[in-house]
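Each chain, letter by letter, is given below.
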Amino acid sequence: MNRLHDPAHYTFASDNYSGVHPRILAALNTANGGSVAAYGDDIYTQTLQHKLCELFGHQARAFPMFNGTGANVTALQALVPRCGAVICAESAHINVDEGVAPEHMGGIKLLSVKTPDGKLTPALVATQMLNQGIVHHPQARLVYISQPTEYGTCYRIDEIQALADYCHQHEMKLYVDGARLANAVVSLNTDVKTMITDTGVDMLNLGGTKNGLLQAECLISLCDEASTVLPYLRKSNAQLSSKMRFISAQFLAWFEQDLWLQLARHSNSQAQRLAQALTSIETITITQPVEANAVFARLPAAARQQLHQHYHFYDWDQTQGEVRWMTSFDTLPEHVDQFIMAIKQACNTL
Ligand SMILES: Cc1ncc(COP(=O)(O)O)c(C=O)c1O
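I will try to describe carefully the structure that is included in this document.

Parameters at a glance
Residues numbered from 1 in each chain as written. Predicted model: local features only at pLDDT ≥ 70, side-chain atom pairs only at ≥ 80, totals over all residues. Heavy atoms only, no water. Near = heavy atom within 4 Å. Polar contact = N/O pair within 3.5 Å; in protein donor to acceptor, adjacent residues only side chain to side chain. Areas by Shrake-Rupley, 256 points an atom, 1.4 Å probe, with all protein chains shown as cover. 1 Å grid on protein atoms, 1.4 Å probe; cavity = no way out; pocket = protein on both sides within 12 Å on 5 of 7 lines; lining within 4 Å. Sits in = over half its atoms within 2 Å of the grid points. Helix = DSSP H or I, 4+ residues; strand = E, 2+ residues; numbered from the N terminus. Core = buried A, V, L, I, M, F, W, Y, C linked by side-chain atoms within 4.5 Å. Buried < 20%, exposed > 50% of the residue type's maximum accessible area, 1.4 Å probe, protein only. Contact = heavy atoms within 4.5 Å. Points joined across faces, edges and corners; volume = space filled by probe spheres on them. Nonpolar A, V, L, I, M, F, W, Y, C, P; charged D, E, K, R; others polar. Axes fitted to C-alpha atoms, helices over the stretch in contact; angles between N-to-C directions. Parallel < 35°, antiparallel > 145°, perpendicular 65-115°, else oblique. Left-handed = near helix turned anticlockwise from the far one by under 90°. Pairing = 2+ DSSP bridges.

Concerning the site of the ligand
Neighbouring the ligand are the residues Asn16, Asn67, Gly68, Thr69, Asn72, His93, Glu150, Asp177, Ala179, Arg180 and Lys210. Contacts to the ligand include Thr69, whose side-chain N or O atom sits 2.6 Å from an oxygen atom. Within the side chain of Asp177, a nitrogen or oxygen atom sits 2.6 Å from a nitrogen atom of the ligand. Coverage of the ligand by the protein chains reaches 81% of its 400 Å² of free accessible surface. Assessed atom by atom at 2 Å from the grid points, the ligand resides in the largest pocket. Per-element accounting of the shell around the ligand gives the leading share, three residues, to helix α3 (residues 68-79).

Structure below.
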């Protein structure tokens, strides 16, 4: 097959635009060949289960899956009873970027809350709790947060702890969509046991796809009851991979020498490089704290249009002239510097 794209062309649209890290491709090759048990009964998946117990604690149960939407919906179904609803931020991926999967596949009602920065707090969650115990109203049984959020902001450990405590005091579970969890772990200079297990999170999707893996996510249940139904739910939701060894092998290579954290640290540092350069451009306002690998900024419409001619990126809130620029594990400093030049030209500051 001939290559059909230009690998030198780089955009700041999303970390989903990146390819696969060479060490992950090598791991796929190593895991290839021979006849190996299917559907997760393989040595790579068993080894991954052990590794995740080391990282998250002995109760962690790993469920490798193909994508984030599937993992999210499966998690909600595992944690929410038929009469239950899910509280999430208005900007939550499950609310705005998963079609109607939570509602249609999961049969789940979402109660969304406006937030300034994508982060829920117990006080914001409480605004959706006024009608608990009234049969006519949705009964909240789960809080969904993403770490980092869709705005690239990170929950501090004490903020997750406060949400988990609030949830458990109100018969709710706490689910973390960690599509980019590694970026938050390095941003907060912590580890997953401290951030997830010790705070009392009930379930997590550990996302790999956005950080160098190929269609590899892993739902991690810390809730024994949910762990017993997840094997069946994963199959019913078409997320059970027959050749699971290839998902698991990627995670094993990712954890070797902390590659996952190295890649996330690099990605975050490129977002910082971009954000720092933007502070010197008067017509640009950075609209969210840059805590992971996304930069949100407001800039004039003409500048946005000019940039769009050469770079693909998302206009986040057109009414505000706000855009999202994302870096990734393979963003080079040269890519960032070229982009900064293009932004300066578009803003007439050169
Ligand atoms: C916060 C968040 N959660 C989940 C996902 C995963 O979605 P997908 O189904 O595309 O893998 C994404 C993808 O961009 C995301 O940003």
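Notes on the nonpolar core
With 57 residues, the main nonpolar core has Leu206 and Phe251 as its most contacted residues. In terms of residue count, the dominant contributor to this core is helix α11 (residues 245-255) (six residues). In this structure, Leu206 is in contact with Leu52, Gly178, Leu181, Glu217, Cys218, Ile220, Phe251, Trp254, Phe255 and Trp260, ignoring residues within four places of it in sequence. Ranked by size, the runner-up nonpolar core spans 26 residues in total, among them Tyr311, Trp325, Ala342 and Ala346.

Describing the layout of surface pockets
By volume, the largest pocket is sized at about 520 Å³. Forming the boundary of the largest pocket are 31 residues, of which Asn16, His93, Arg180, Lys210 and Arg324 lie nearest the centre. For the lining of the largest pocket, the secondary structure elements donating two or more residues are α3, β10 (314-317) and β11 (322-326). At three residues, α3 tops the list of elements feeding residues into the lining of the largest pocket. In this structure, the second largest pocket occupies an estimated 350 Å³ of space. Lining of the second largest pocket is provided by 13 residues; of these, His5, Pro7, Tyr17, Gly19 and Asp330 occupy positions nearest its centre. A per-class count over the lining of the second largest pocket returns three nonpolar, seven polar and three charged.

Focus on the packing of helix α2 (residues 43-56) against α11
Axes are the key here: two packed helices are described by the angle between their axes and the distance separating the axes. As a packed pair, α2 and α11 sit with axes 8 Å apart at the nearest point and diverge in direction by 40 degrees. Relative to α11, the element α2 lies oblique. In this structure, α2 meets α11 at a crossing whose hand is left-handed. Here Tyr44, Thr45, Thr47, Leu48, Lys51, Leu52 and Leu55 of α2 come into contact with α11, specifically with Arg245, Ser248, Ala249, Phe251, Leu252 and Phe255. The residue inventory of the contact of α2 with α11, partitioned by class, reads eight nonpolar, three polar and two charged.

Digging into the environment of Leu307
Relative to the assigned elements, Leu307 resides in helix α13 (residues 301-308). You can call Leu307 buried: its relative accessible area is 2%. For the pair Leu307 and Thr287, spaced 20 residues apart in the sequence, the C-alpha separation amounts to 19 Å. Ignoring anything within four residues of it in the chain, the contact list for Leu307 reads Leu299, Phe313, Trp325, Phe339, Ala342, Ile343 and Ala346.

Quick notes on the side chain of Thr197
With respect to the helices and strands, the residue Thr197 is situated in helix α9 (residues 192-197). At a separation of 2.7 Å, a polar atom in the side chain of Thr197 contacts the main-chain carbonyl oxygen of Phe56.

Comments concerning the environment of Trp260
Locating Trp260 in the fold gives a position in helix α12 (residues 259-278). Classification of Trp260 as buried rests on a relative accessible area of 3%. Separated by 74 residues in sequence, Trp260 and Val186 have C-alpha atoms that sit 9.8 Å apart. Those residues in contact with Trp260 that lie beyond four places of it in its chain are Ala182, Val192, Leu206, Asn211, Trp254 and Phe255.

Quick word on the sheet that holds β11
Taken in spatial order, the four strands make up an open sheet running β8-β9-β11-β10, and their pairing is antiparallel. This sheet does not close on itself; its edge strands, each paired only once, are β8 (285-286) and β10. Two elements, β8 and strand β9 (residues 294-298), share two bridges in a ladder whose sense is antiparallel. Directly across from Ile286, in β9, lies its bridge partner Ala297.

Geometric descriptors of this kind do not, in isolation, establish any biological role.
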